[in-house]
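Single-letter residue listing:
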Amino acid sequence: MALEHAILVSLLEQPGSGYELARRFERSIGRFWTATHQQIYRVLRRMEDDGWVTAEEVGQGGRPDKRSHSVTDAGREILTTWLRDPVQPEAVRHELAVKVRGAAFADAAGRTALVAEVERYRKTHEDTLARYLAGERRDFPEPEALDDGQRLQHVVLRGGIAYERMVLAWLDDVLDTLRGLGRD
């Protein structure tokens, strides 16, 4: 997937400025596809040049005007074509998993350091899960009242929640295993 596709999806959900897009990426899309503000602005300009989006100057009463972007028919066609393309499974590259396997060759101090690293890593996933759950409560308080677009946003968020829960369960298993090494 290219950043262009994530931007098209976001703009089809709601037109907006580059700043608003960057905020959406920080708040929701960034859970699954990250981009810096600079990347978003650069790609947005290119998409406008290619005719995928159009921009309209919007006055903001006392603040500088903003450029609100929306998807053109050509952009919608690009997205529709992309939606039909098959998705290949991701190749997993997980540095922590390799370190865990390497623990068999570490001394006690190395294993202790690895336990501390796994605990730190686990905390980051715990914090991410907490943010996802807070976002779910904030953005989807009444799941039965969601429109189709919101239902799709919610199912993607639920996938992120399930992923974080799976990672946390695995990390708990890793910690139990590391702490039990050498006790036989």
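Residues numbered from 1 in each chain as written. Predicted model: local features only at pLDDT ≥ 70, side-chain atom pairs only at ≥ 80, totals over all residues. Heavy atoms only, no water.

S.K.: Explain the overall build of the protein chain to me, and be specific about the residues and the numbers.
M.R.: If you tally the helices and strands in the protein chain, you get 7 helices and 2 strands. The helix and strand sequence of the protein chain, counted from the amino end, reads α-α-α-β-β-α-α-α-α. The C-alpha atoms of the protein chain give 21 Å as radius of gyration, which overshoots the globular expectation for 184 residues (16 Å, by more than 25%). Projected onto its principal axes, the C-alpha coordinates of the protein chain cover approximately 70 × 40 × 35 Å. Burial statistics for the protein chain: of 184 residues in total, 30% are counted as buried. Residue pairs at least 24 apart in sequence account for 57% of intrachain contacts in the protein chain once pairs closer than 6 positions are excluded. Summed over its atoms, the accessible surface of the protein chain is roughly 12400 Å², and 52% of this surface lies on carbon and sulfur atoms. Across the protein chain, 27 positive and 31 negative side-chain charges occur, with their mean positions spaced 4 Å apart. (Helix = DSSP H or I, 4+ residues; strand = E, 2+ residues; numbered from the N terminus. Rg over C-alpha atoms; globule rule 2.2 N^0.38 Å. Buried < 20%, exposed > 50% of the residue type's maximum accessible area, 1.4 Å probe, protein only. Contact = heavy atoms within 4.5 Å. Areas by Shrake-Rupley, 256 points an atom, 1.4 Å probe, with all protein chains shown as cover. Lys, Arg positive; Asp, Glu negative; His and termini not counted. Charge placed at Lys NZ, Arg CZ, Asp CG, Glu CD.)

S.K.: Any chance you could break down a nonpolar patch on the surface for me, citing the residues and the numbers?
M.R.: On the surface, Phe-32, Leu-152, Val-155 and Val-156 cluster together into a nonpolar patch covering about 360 Å² of accessible area. With respect to the secondary-structure elements, Leu-152 resides in helix α7 (residues 148-180). (Patch = residues over 30% accessible without salt bridge, like charges linked within 9 Å, V, L, I, M, F, W, Y side chains within 5 Å. Salt bridge = Lys/Arg side-chain N within 4 Å of Asp/Glu carboxyl O.)

S.K.: How would you summarise the pattern of salt bridges if you had to cite specific residues and measurements?
M.R.: This structure, assessed with the given rule, holds 11 salt bridges. Here Lys-66 ties to Glu-20 by a salt bridge, and the two come within 2.6 Å at their closest N and O atoms. With Lys-66 in strand β2 (residues 66-71) and Glu-20 in helix α2 (residues 18-27), this residue pair connects regions lying 46 residues apart in the sequence. Exposure remark for Lys-66: the relative accessible area of 22% places this residue in the partly exposed category. Its relative accessible area of 26% is what places Glu-20 among the partly exposed residues. Of the charged contacts, one joins Arg-67 and Glu-57 as a salt bridge, the two residues approaching to 3.3 Å between their closest N and O atoms. Taken together, the positions of Arg-67 in strand β2 and Glu-57 in strand β1 (residues 53-58) put the pair 10 residues apart, joining distant regions of the chain. Residue classification places Arg-67 among the partly exposed residues on the basis of a relative accessible area of 34%. What makes Glu-57 partly exposed here is its relative accessible area of 47%. Ionic contacts of the salt-bridge type, sharing partners, join the residues Glu-48, Glu-57 and Arg-67 into one network.

S.K.: Go over the packing of α2 against helix α3 (residues 37-49), please, and point to the residues and values.
M.R.: It is the contact of α2 with α3, at a shortest axis distance of 9 Å, that shows an interaxial angle of 130°. By the angle class used here, α2 and α3 are oblique. The element α2 and its partner α3 pack so that their crossing is right-handed. Residue-level contacts link Gly-18, Tyr-19, Leu-21, Ala-22, Phe-25 and Glu-26 of α2 to His-37, Ile-40, Tyr-41 and Leu-44 of α3. (Axes fitted to C-alpha atoms, helices over the stretch in contact; angles between N-to-C directions. Parallel < 35°, antiparallel > 145°, perpendicular 65-115°, else oblique. Left-handed = near helix turned anticlockwise from the far one by under 90°.)

S.K.: Let's hear about the environment of Ser-68: which residues, and what values?
M.R.: Mapping Ser-68 onto the fold places it in strand β2. Remark: the alpha-carbon pair of Ser-68 and Pro-15, spanning 53 residues in sequence, is separated by 6.4 Å.

S.K.: Please give an account of the side chain of Glu-164 that cites residues and values.
M.R.: Tracing the sequence through the fold places Glu-164 in helix α7. We note that Glu-164 is buried and unpaired, the nearest opposite charge coming from Arg-131 at a distance of 7.4 Å. Setting aside anything within four residues of it in sequence, one finds Glu-164 in contact with His-125, Thr-128, Leu-129 and Tyr-132.

S.K.: Just give me the short version of α3, but keep the residues and values in it.
M.R.: Count 3.6 residues to each turn of an α-helix, and residues three or four apart come out pointing the same way. Across its 13 residues, α3 extends 18 Å between first and last C-alpha, which sits within 8% of the 18 Å expected from 1.5 Å per residue. Lining the buried residues of α3 we find α1 (3-13), α2, β1 and β2. Gly-51 sits one or two residues past α3 and shows a positive phi near 85°. (Expected span 1.5 Å × (residues − 1).)

S.K.: Outline the layout of surface pockets, listing residues and values.
M.R.: The computed volume of the largest pocket comes to approximately 1500 Å³. Lining the largest pocket are 35 residues, and of these Val-9, Glu-13, Ile-29, Gln-153 and Val-156 sit closest to its centre. Sort the elements by how many residues they give to the lining of the largest pocket and α7 lands first, with 7 residues. When the residues that make up the lining of the largest pocket are grouped by side-chain class, the tally is 18 nonpolar, 7 polar and 10 charged. (1 Å grid on protein atoms, 1.4 Å probe; cavity = no way out; pocket = protein on both sides within 12 Å on 5 of 7 lines; lining within 4 Å. Points joined across faces, edges and corners; volume = space filled by probe spheres on them. Nonpolar A, V, L, I, M, F, W, Y, C, P; charged D, E, K, R; others polar.)

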